Amino acid sequence: MKNYFFKLQSLFPYIVLCGIGVWIAFQPTLVSGFSLMQTDPGDTRLNNYFLEHSFQLLVNSDYSGDVWSPTFFFPYKEVLAFSENLFGSAPIYWLFRAFFSSDIAFQLWMIAVCIANFVSFAFLMQKFNVGHGLSALGGFLFAFSMPRIVKIGHQQLLPQFFTPLVFLTALNFMKKPTSKRLALLLLLTYLQILSGIYLGWFLMFSLPIFLGIAYKLESEARHRFITYWKKSHKQAIGITLGWLALTVFTLFPYLKAKLVLGGRSYSDVDTMIPRLSSWFSVPPGSLWSSLLGWVSRDLPMQHEHHLFAGLTLIILTGLSIYTILRLKSLLTIQTYKIIKICLIVFIIIFCFSLRLPFGLSLWRIIYEVVPGSSVIRAVSRIWTIAYFYLFIAVLLNADSLLKALVNSKYLRLLIVSVICLVSVSEQIVLNLPNYEKAPWIEEVAELRDLMQTNCDFAYVSLNPARPFWADQLTAMWAGIEANVPVVNGYSGNQPPNYGTTTEPMDTARILHWLDIASKNIQGRLCMISPNVGKKNDSLIPKYAVQEITSFSNKFTSATIQFPLKKLFSHGITVLDIPSNPVYTSSSIKIVALVENKSNFIWTQEGKHKTNFSYRWIDVNGKLAEFDGDGDRTSLPWDVSPEDFFAVNAIVRTPPTPGKYQLILTMVQEDVAWFNDKNTNHPLIPMDVVPPQTY
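What counts, and where the lines are drawn
- Residues numbered from 1 in each chain as written.
- Predicted model: local features only at pLDDT ≥ 70, side-chain atom pairs only at ≥ 80, totals over all residues.
- Heavy atoms only, no water.
- Core = buried A, V, L, I, M, F, W, Y, C linked by side-chain atoms within 4.5 Å.
- Buried < 20%, exposed > 50% of the residue type's maximum accessible area, 1.4 Å probe, protein only.
- Helix = DSSP H or I, 4+ residues; strand = E, 2+ residues; numbered from the N terminus.
- Contact = heavy atoms within 4.5 Å.
- Disulfide = S-S within 2.5 Å.
- Pairing = 2+ DSSP bridges.
- Axes fitted to C-alpha atoms, helices over the stretch in contact; angles between N-to-C directions.

## Remarks on the nonpolar core
Consideration 1: Residues Phe128, Phe167, Trp363, Tyr389, Ile392 and Leu514 are the most contacted members of the largest nonpolar core, which totals 190 residues.
Consideration 2: Of the residues forming this core, the biggest block, 15 residues, is contributed by helix H16 (residues 383–405).
Consideration 3: Those residues in contact with Ile392 that lie beyond four places of it in its chain are Phe121, Leu124, Met125, Phe128, Phe167, Ile338 and Cys342.
Consideration 4: Ranked by size, the runner-up nonpolar core spans 29 residues in total, among them Ile590, Trp616, Ala649 and Leu662.

Here it is in structure tokens:
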């Protein structure tokens, strides 16, 4: 009975601090009975979508998506590689999803991964024999510190529970190198990559620094590794190559996406490299905001620079440095080494990622040299790994000093309680953003019902009165629930030639996108529009075979059957032309007004761009062929159906005198001359004479 009571007493600080952390981070969700979702209907619903995508892959044999190709940005493939995939933490979601709706399952997933972070770090502290109070505080700071709480809407930064296990396995490998421990270390690292690309990349970035410092400072560990290498280097190489192959295979879609989309420009990255002030920047609603709110006033992308984790952490950091320099006799040899290594790793990461005035930063070297770094835009999120090492150092140091200097168990408990109370209170952020789920769920259901009526794929037009990302995500969710691919999309990137996600597409733009994204599209496209404002899409009534309205009259869906026959039609009005006759082998200038009467967009660029051109017909009705015949005049911009543009064209005349007819026409390269498809083109009689007879 006494042992049972002791175990309960030991669990008390973990239960209390974990419970407080959950309450601080998820108060809007808990108070509302899960009717409020954190934080906004943007990235929150996007990450929920990614997890739901994996669940549909697991349970729905008829699901129209595949592993790397969720059903958005249709028909472009492997769009999951434009953002996070969350595969490593998806099983937690699947467990909840088996019993709850997608939104509730996601809210429970968020809470569960934060608790997993807490447990994982506290478990690491216990392996170092840190007292229960400070172990619980470490778990709290790792899972619920202010930098993580204010990023609660970037849920891809939550599942970091593999990182403490990687650290522990790395230490065990250093103590006793074996092939099993190497395999476990690499497996856990892989799982962290799979749980979050940012978190995994930062972990991999830090591991060579950690291991390099550790082996440099600890000669015995270095000798143990050399002995292991001499004995088992073939196994080690095989395990490492196997891990590398698995990692490259998993990330291959991301590598392909980078080749297509390119990396981030350094100027884009530069705005989110931490400044010194970033580490003292606090979000609105923090208890520190009244004192430190001014710090982030001049920071670009302020919301990405809230890295302050409390004055208590700064004090404990200073105390740890002082202990290493002056009081190391109070520490055991092993504890001293771990604290020193972790502090050095933190300092190196801090220095590498620090942006000095005038744009100076060592991160420029990382950006240019380290694989994958050019796609890491929010460098400020490096706090996720920098603080990990710092938390280990300061808590190990605080625990060691208390045990060495304070003999009274009750006094130690009091000091730890005060540290916990102050540190926890510093992490409180009030008024975390949230939104009411019900209206969005109802709208998704309404669109889903429309999509399930004669739709093989769909596009939902955007409501100009709302943020573009809200409608794009609503369309994506309706598509996944209806199991209908959607042209809509919202992610970290967008496919090439897609246009923009911020503006609605009209029918012509969608036809253009479907044409360049995938040839021979067949099926029924549903163009779903909100019944607000004036509709001016002239192609919908021209091609719609069915039109239905949602039960609330908020949306109208027009069905268009594919494939559509392309119409190569234009209207050309000649405004200025030289007097007749004209010289042979000369250049004449023609001014014309051109209207796009086709059912597709004329584009300036690409393999099948459209140009203004001409042809000469001789008296026998044959095409005159000569050098310069059919010269192209480029479009001033992409021209949509019913749009006009003026053209100043230079036309080359035939070298042979005679009577000709000049045809003015558009041409879509490698597809068709418009004059071959219809007769609505100017046909201008011309006498072509030698210069000496004119």
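## Some words on the state of the cysteines
Consideration 1: Throughout the structure, instances matching the rule amount to one disulfide.
Consideration 2: Each disulfide pairs two cysteine sulfurs, and for Cys455 the partner residue is Cys526, the sulfurs being separated by 1.9 Å. Taking the sign of the S-S torsion, about -100 degrees here, the bridge from Cys455 to Cys526 comes out left-handed. With Cys455 in the loop between helix H18 (438–451) and strand S3 (457–460) and Cys526 in strand S4 (residues 523–530), this residue pair connects regions lying 71 residues apart in the sequence. Taken individually, Cys455 and Cys526 each receive the classification buried, so the pair is uniform in this respect.
Consideration 3: Sulfur of Cys18: no disulfide; nearest cysteine sulfur belongs to Cys114 and is 9.0 Å away.
Consideration 4: Note on Cys18: relative accessible area 11%, which makes it buried.
Consideration 5: With no disulfide of its own, Cys420 lies 14 Å from the sulfur of Cys18, the closest cysteine sulfur.
Consideration 6: Exposure remark for Cys420: the relative accessible area of 9% places this residue in the buried category.

## Regarding the sheet that holds strand S5 (residues 544–549)
Consideration 1: As summarised here, the arrangement of the four strands in space is S3-S4-S6-S5, forming an open sheet in which the pairing is mixed. Edge positions in the open sheet fall to S3 and S5, since each of these has one partner strand only. In this sheet, neighbouring strand axes are inclined to one another by 20 degrees on average, regardless of whether the strands run parallel or antiparallel.
Consideration 2: As defined by bridge partners, S3 adjoins S4 across four bridges and the pair is classed as parallel. Paired with Phe457 across the bridge in S4 is Leu525.
Consideration 3: Here H18 sits on the sheet and contacts S3, S4, S5 and strand S6 (555–562); the angle it forms with S6, its principal contact strand, is near 35 degrees.
Consideration 4: Running over the sheet, helix H20 (residues 507–517) touches S3, S4 and S6 and is turned about 145 degrees from S4.

## Some remarks on unusual backbone geometry
Consideration 1: Residue Thr39 is bonded to the preceding Gln38 through a cis peptide linkage, with omega at 5 degrees.
Consideration 2: Relative to the helices and strands, Thr39 resides in the loop between strand S1 (36–37) and helix H2 (43–59).
Consideration 3: Cis geometry is found at the peptide bond from Phe74 to Pro75, where omega equals 5 degrees.
Consideration 4: Looking at the secondary structure, you find Pro75 in the loop between H2 and helix H3 (90–97).
Consideration 5: Not every positive phi belongs to a glycine, and Glu78 is a case in point at roughly 55 degrees.
Consideration 6: Of note, Glu78 is situated in the loop between H2 and H3.
Consideration 7: At Leu86, a position not held by glycine, the phi torsion is positive, near 60 degrees.

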